[in-house]
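Below, each chain spelled out in residue letters.
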Amino acid sequence: MADVSHRGDIAAHPDVSEMRDRYARVLGGKDVALVDGPVFLTGLFCAISPWVVHFTTSQPVLTTHNLIMGIAIGLLGLGFTVAPARMYGLSWAMCAMGVWMIVSPWVVGTNPDAGVILTNIIIGGLTLLLGLVCIGAAAKEGRRVNTT
């Protein structure tokens, strides 16, 4: 068998610059992994929250609303995973969705109880916070691209 375990300097490798660029891109995207998972899980919980908190019969319109908003937030989380450079532009929309989730029990719902209000405030607060984190990561990435 051939001995392929040699250790040496790769400076003479023909693709060394491309390998370094790829390594820098992979390490530079660490912020993405910290945001996309929680965004997806927040969207998932928003989508199932009417059944978890048991307001499907008392708030049918809010049930549909939370399901649609949860799917939208979850899709943003998947988008941050698949194409982070393109999706961080939607971070502001995610902040707006978070604010909307906070006020939606009173706008969409009818006579919401404490469980509905608390659930939507928590989901909205998390969505707003994660949107702000995405905005910060996009700004940080933008500064990194502009300086190189």
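Details of the structure are given in the entry above.
Because the structure is predicted, anything quoted here is derived from the model rather than measured.

I would appreciate a short explanation of the overall build of the protein chain in the present structure.
Of regular secondary structure, the protein chain possesses 6 helices and 0 strands. Looking at the protein chain as a whole, 34% of its 148 residues qualify as buried. A total of about 9,400 Å² of accessible surface is found on the protein chain, and carbon and sulfur atoms cover 68% of it.

Explanation requested: the environment of Asn120 in the structure shown.
With respect to the secondary-structure elements, Asn120 resides in helix α6 (residues 114–147). Taking the C-alpha atoms as reference points, Asn120 and Trp100, separated by 20 residues in sequence, lie 9.3 Å from one another. Apart from the residues within four sequence positions on either side, Asn120 is in contact with Leu62, Asn66, Met101, Ile102, Ser104 and Pro105. Polar contacts involving the side chain of Asn120 include one to the side chain of Asn66, which spans 3.0 Å.

Explanation requested: the side chain of Ser91 in the structure shown.
Examined against the element boundaries, Ser91 turns out to sit in helix α5 (residues 91–107). Judged by its relative accessible area of 0%, Ser91 is buried. Excluding residues that lie within four positions of it along the chain, Ser91 makes contacts with Phe80, Gly131, Cys134 and Ile135.

Whenever I open this one, unusual backbone geometry confuses me. Can you help?
A negative phi angle is the norm for most residues apart from glycine, just as the trans form is the norm for most peptide bonds. With a phi angle near 65°, His54 is a residue other than glycine that sits in the positive phi range. Residue His54 is classed as exposed on the basis of its relative accessible area, which comes to 66%. Phi angles above zero are rare outside glycine, and Asn111 is one such case at about 55°. The class of Asn111 is exposed, set by a relative accessible area of 76%.

Any chance you could explain helix α3 (residues 60–82) here in plain terms?
A turn of α-helix holds 3.6 residues, and therefore any two residues three or four places apart point the same way. Over its 23 residues, α3 extends 33 Å from the first C-alpha to the last, a length consistent with the 33 Å expected when each residue adds 1.5 Å. Along α3, the residues classified as buried are Leu62, Thr63, His65, Asn66, Met69, Gly70, Ile73, Gly74, Leu76, Gly77, Gly79 and Phe80.

Is there a simple way to think about the state of the cysteines in this case?
A covalent bond between the sulfur atoms of two cysteines is what we call a disulfide. Counted under the stated rule, the structure contains 0 disulfides. Cys134 supplies the cysteine sulfur nearest to Cys95, a cysteine that is in no disulfide, at a spacing of 8.0 Å. Owing to a relative accessible area of 7%, Cys95 belongs among the buried residues under this scheme.

What counts, and at which threshold
- Residues numbered from 1 in each chain as written.
- Predicted model: local features only at pLDDT ≥ 70, side-chain atom pairs only at ≥ 80, totals over all residues.
- Heavy atoms only, no water.
- Helix = DSSP H or I, 4+ residues; strand = E, 2+ residues; numbered from the N terminus.
- Buried < 20%, exposed > 50% of the residue type's maximum accessible area, 1.4 Å probe, protein only.
- Areas by Shrake-Rupley, 256 points an atom, 1.4 Å probe, with all protein chains shown as cover.
- Contact = heavy atoms within 4.5 Å.
- Polar contact = N/O pair within 3.5 Å; in protein donor to acceptor, adjacent residues only side chain to side chain.
- Expected span 1.5 Å × (residues − 1).
- Disulfide = S-S within 2.5 Å.

None of the figures reported here should be taken as evidence of function without further support.
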